Amino acid sequence: MKTLVRGKYVITDAAARETGIIEDGAVLVEGKYVRATGRFAELRQLHPEAAVVGDGQQLVLPGLIDAHSHGRGLSPLQKGVPNDFLENNLFDWAFMPVLDPELITALCAVRHIRNGSTLIHNNAFDTTGSGAADQAATTIKAYLATGIRLAYSPGVRNIDRLVLDTDGFLATLSAELRAVAEPLARTDSKLIEEEYFALFAELYRTYQSEDTRIFLSPSWAQACTAEFLIRAKEEADRLGKIPIHMHCLQTPVQKAFSLRKYGKTAIAYLADLGLLDENTVLAHSIWVTQEDIRLMAEHNVAVTSHPSCNLGMRNGITPVYELLRQGIRVAVGMDDKTINDDEDIIMELRMMHKLHRVPGYRLDTPVLDAFTVLEMATGHAASVVGFAGKAGALRPGMLADLIVVDLDRMLNSPWMSDQTGIADIFIHRALGTDVASVIIGGRLVMEDRKITTLDEEALYREVRKAADKGITSAMRRQAETLQQLKPYCQSWYNTWLEPEQHAFYQVNSRR
Ligand SMILES: [Zn+2]
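These numbers come from a predicted model, not from an experiment.

About the thresholds
Residue numbering note: each chain is counted from 1, following its sequence as written. Thresholds applied to this predicted model are a pLDDT of at least 70 for local features of residues and 80 or more for the giving and counting of side-chain atom pairs; totals over whole chains, interfaces and linings are not thresholded and use all residues. Here a helix means four or more residues in a row that DSSP labels H or I, a strand means two or more in a row labelled E, and each is numbered from the N terminus. Here the globule rule is a power law, 2.2 Å times the number of residues to the power 0.38, and the radius of gyration is based on C-alpha atoms. Each residue is classified by how many other C-beta atoms fall within 10 Å of its C-beta atom, where C-beta atoms are placed from the backbone; a count of 20 or more means buried, 12 or fewer means exposed, and values in between mean partly exposed. We call two residues in contact if the C-beta atoms placed from their backbones are at most 7 Å apart. How far each domain reaches was decided by an automatic or database domain assignment. Three classes are used, and their members are as follows: Ala, Val, Leu, Ile, Met, Phe, Trp, Tyr, Cys and Pro are nonpolar, Asp, Glu, Lys and Arg are charged, and the others, Gly among them, are polar. A strand pair is defined by DSSP finding two or more bridges across the two strands. Lines fitted to the C-alpha atoms define the axes, with helices restricted to the stretch that makes contact. Angles between their N-to-C directions range from 0 to 180 degrees. A helix is expected to span 1.5 Å for every residue after the first. The reported arc concerns the directions from the helix axis to the C-beta atoms and nothing else. Comment on the angle field: the value is read as roughly parallel under 35 degrees, roughly antiparallel over 145, roughly perpendicular from 65 to 115, and oblique elsewhere. It is the rotation of the near helix from the far one that decides the hand of a crossing: anticlockwise by less than a right angle makes it left-handed, clockwise makes it right-handed. UniProt positions are given in the numbering used here, feature names are shortened, and annotations may be inferred rather than shown by experiment. Nonpolar core, as used here: buried Ala, Val, Leu, Ile, Met, Phe, Trp, Tyr and Cys residues forming one set through C-beta atoms within 7 Å.

Observations regarding the overall build of the protein
Counting secondary structure elements, the protein contains 20 helices and 19 strands. Here the protein has a C-alpha radius of gyration of 23 Å; the compact-globule value for 511 residues is 24 Å, and the two agree. In terms of its C-alpha atoms, the protein occupies a principal-axis envelope of roughly 80 × 55 × 45 Å. Going through the 511 residues of the protein one by one, you find that 49% of them count as buried. Considering only contacts within the protein whose residues lie at least 6 apart along the sequence, 76% involve residues at least 24 apart.

Here's what the structure looks like:
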């Protein structure tokens, strides 16, 4: 079956910039692949039998990619927990209701598709314990049923889950509180490691394919043993350098931890372990030093940046412009916490664009542009989630993942100069709600804003019913216990931090 996806503009590849744009263009899709791109009139003549999607007045572009999500469907805020410092939220999240993985995954996928994401990387969090394998399999199957393309990484921390430096923290507590905290803080790190690699092997064997990627995630660089990290790297390399995805330097506490524990930065520590490589992806990477960035560039690691999450969680601002300047691939992730709390990846690109148009003193400083930002959700994002050269652009032979976006509001409300390029118009003015149709692997997953793979209204009803139940009294007791420990954790960390940090961005000046 052949389909011509037609647009007033087709952006085939953000990396090709203006030369990648075809006016009055079309993408010929055959089966699950892109077969050709070109002028609509010419392709139509060659393929008169092809079905047509798009009215010729829209924008067609590669499907956008969320390179870092935890697949929560409902955000923490929607589940009653406001965003705060990560270290505080780790205690607070216990108050969130837990919904069935089928339900939450379908919701997450629908929210992504509606706003123009065709591929999600679900980084599972603490995939461990007896139910972990079933839960992971259920989640993966639920994604695939919605039609979204999936990259899935089971993730665990095998030490220091409650606080960093467990022993030091426990020593600050009274005997009574230590008895409460100890069972929560101690882990059997070897058991978690063994269970993790068995689970990963099973998922990889079952689901890794041309259409779906499974890769590794020692969840936090700071909360895994060196043995675990090295084993993950060896396993990833053995499987052909599949990605390893790690949270790293999200907070100043994590930065201080590495300096205390290893006497060097987390990046220098990872480099010494042999973890820094082209298949290593570091999520957040906010509290990196100039020397860290040099090391990251030297080893060709990649970064996912989640600007709204970073603002919401008071993490700080990733020096994205500097990372890019040094040739580091940066992909966008939403991390379940977007500016409008709706998983709109287009808004997240706009946030990225605005946040990293770095202020400064020299008027001839170059600036982040729309194509570079678009690459963060297409080419770069595809490469960090294991789809380099397969997704993230519309070239013959690549997977047919593309979106059709209405331009009427952007161009005619009430007027737009034809001097402004379409990539700029998209990055400055588009919204997720402008996405009209979504094609993933050649399949029309959303047509004229109607999801074709499931009953969206029924799903929303189910989610409301499940979330209304709230949490059990046992879960509430556990959550309240954690709250008791929280102020002690805060005092513990507060002793670690330097009074003054050296900022990358000078955003204002007192004198
Ligand atoms: Zn995350």
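Comments concerning the domain arrangement of the protein
Interface size is commonly expressed as the accessible area that is lost once the parts come together. We note that the domain assignment places domain 1 (1-62 + 396-454) and domain 2 (64-391) within the protein. Computed from C-alpha atoms alone, the centre-to-centre distance between domain 1 and domain 2 is 30 Å. With 24 residues of domain 1 at the contact, the number on the domain 2 side is 30 residues. Counting residues per element, the ones that place at least two in the side of domain 1 that touches domain 2 are helix H18 (422-429), strand E17 (435-440) and strand E18 (443-447). Residue composition of the side of domain 1 that touches domain 2, grouped by class: 17 nonpolar, 3 polar and 4 charged.

A look at the sheet that holds strand E6 (residues 64-69)
Read across the sheet, 4 strands follow the order E6-E7-E8-E10 without closing on themselves; strand pairing throughout is parallel. Taken across any chain shown, the strands that pair with only one partner, and hence form the sheet edges, are E6 and strand E10 (213-214). Alignment of strand E8 (residues 149-153) against E10, held across 2 bridges, turns out to be parallel. By the bridge assignment for E10, Ala 151 is matched with Arg 213. Against the sheet, helix H4 (residues 132-146) makes contact with strand E7 (117-123) and E8, and its axis sits at roughly 165° relative to E8, the strand it touches most.

Describing the pairing of E17
With respect to burial, E17 is a largely interior element, 6 of its 6 residues being buried. Relative to E17, strand E16 (residues 402-405) is paired through 4 bridges, and the arrangement is antiparallel. Within E17, the residue paired with Leu 402 across the bridge is Ile 439. Pairing of E17 with E18, which is carried by 3 bridges, proceeds in the antiparallel orientation. The partner of Val 438 across the bridge, within E18, is Met 446. Hairpin connection of E17 to E18: 2 residues between the antiparallel strands, including Gly 441 at a positive phi of 55°.

Re the sheet that holds strand E15 (residues 329-332)
Spatial ordering of the open sheet is given by E12-E13-E14-E15, a layout of 4 strands whose pairing is parallel. The open sheet is flanked by strand E12 (244-248) and E15, the only strands paired with a single partner. Pairs of neighbouring strands in the sheet enclose a mean axial angle of 30°, with direction left out of account.

Comments concerning helix H8 (residues 226-238)
Along its 13 residues, H8 runs 18 Å from first to last C-alpha, staying within 8% of the 18 Å computed at 1.5 Å per residue. Three or more residues of H8 are buried, namely Phe 228, Leu 229, Ala 232, Lys 233 and Ala 236. Seen from one end, H8 has its buried residues packed into an arc of 135°, which puts them on one side. Exposed side of H8, more than 90 degrees from the buried face: Glu 234 and Arg 238 are the residues found there. The elements touched by buried residues of H8 are helix H7 (189-207), strand E11 (217-218), E12 and helix H10 (266-273). Positioned one or two residues after H8, Gly 240 has a phi angle of 90°, which is positive.

A few points about the packing of helix H6 (residues 175-185) against helix H20 (residues 473-494)
The geometry of H6 relative to H20 is characterised by a closest axis approach of 11 Å and an angle of 115° between their N-to-C directions. Comparing the axis directions of H6 and H20 gives the class roughly perpendicular. Where H6 crosses over H20, the handedness of that crossing is left-handed. Counting all contacts with H6, which are made through Leu 177, Val 180 and Ala 181, the residues of H20 involved are Thr 481, Gln 484, Leu 485 and Tyr 488. Taken together, the residues that form the contact of H6 with H20 break down as 5 nonpolar, 2 polar and no charged.

Observations regarding the UniProt feature "domain: Amidohydrolase-related" (unreviewed entry) in the protein
Mapped onto the present numbering, the UniProt feature "domain: Amidohydrolase-related" (unreviewed entry) falls on residues 59-445. Along residues 59-445, the helical share is 42% and the strand share 15%, with 17 Å between the first and last C-alpha atoms.

Structural notes on the nonpolar core
Counting residues in each nonpolar core, the largest one holds 144 residues, and the members touching the most others are Val 5, Val 27, Leu 349, Ala 381 and Ile 439. Residues in contact with Leu 349, not counting those within four places in the same chain, are Val 332, Val 373, Leu 374, Met 376, Ala 377 and Ile 427.

What to know about unusual backbone geometry
A cis amide bond links Ser 413 with the next residue in sequence, Pro 414, at an omega value of -5°. Its location among the elements puts Pro 414 in the loop between helix H17 (408-412) and H18. One non-glycine residue with positive phi stands out, namely His 284, at about 80°. Structurally, His 284 can be placed in strand E13 (residues 280-284).

Considering the pairing of E16
Side chains Leu 402 and Val 404 of E16 all project onto a buried face; the interleaved residues Ile 403 and Val 405 project onto the opposite face, where all are buried too. Here 4 bridges tie strand E5 (residues 59-62) to E16, and the two strands are oriented antiparallel to one another. Following the sheet pairing, Leu 61 is matched in E16 by Ile 403.

Remarks on the packing of H4 against H7
Look at H4 against H7: their axes get within 10 Å of each other, and the N-to-C directions meet at 30°. One element, H4, and the other, H7, form an angle in the roughly parallel class. As H4 runs across H7, the sense of the crossing is right-handed. Touching Ala 132, Ala 133, Ala 136 and Ile 140 of H4 are Leu 199, Glu 202, Leu 203 and Tyr 207, all from H7.

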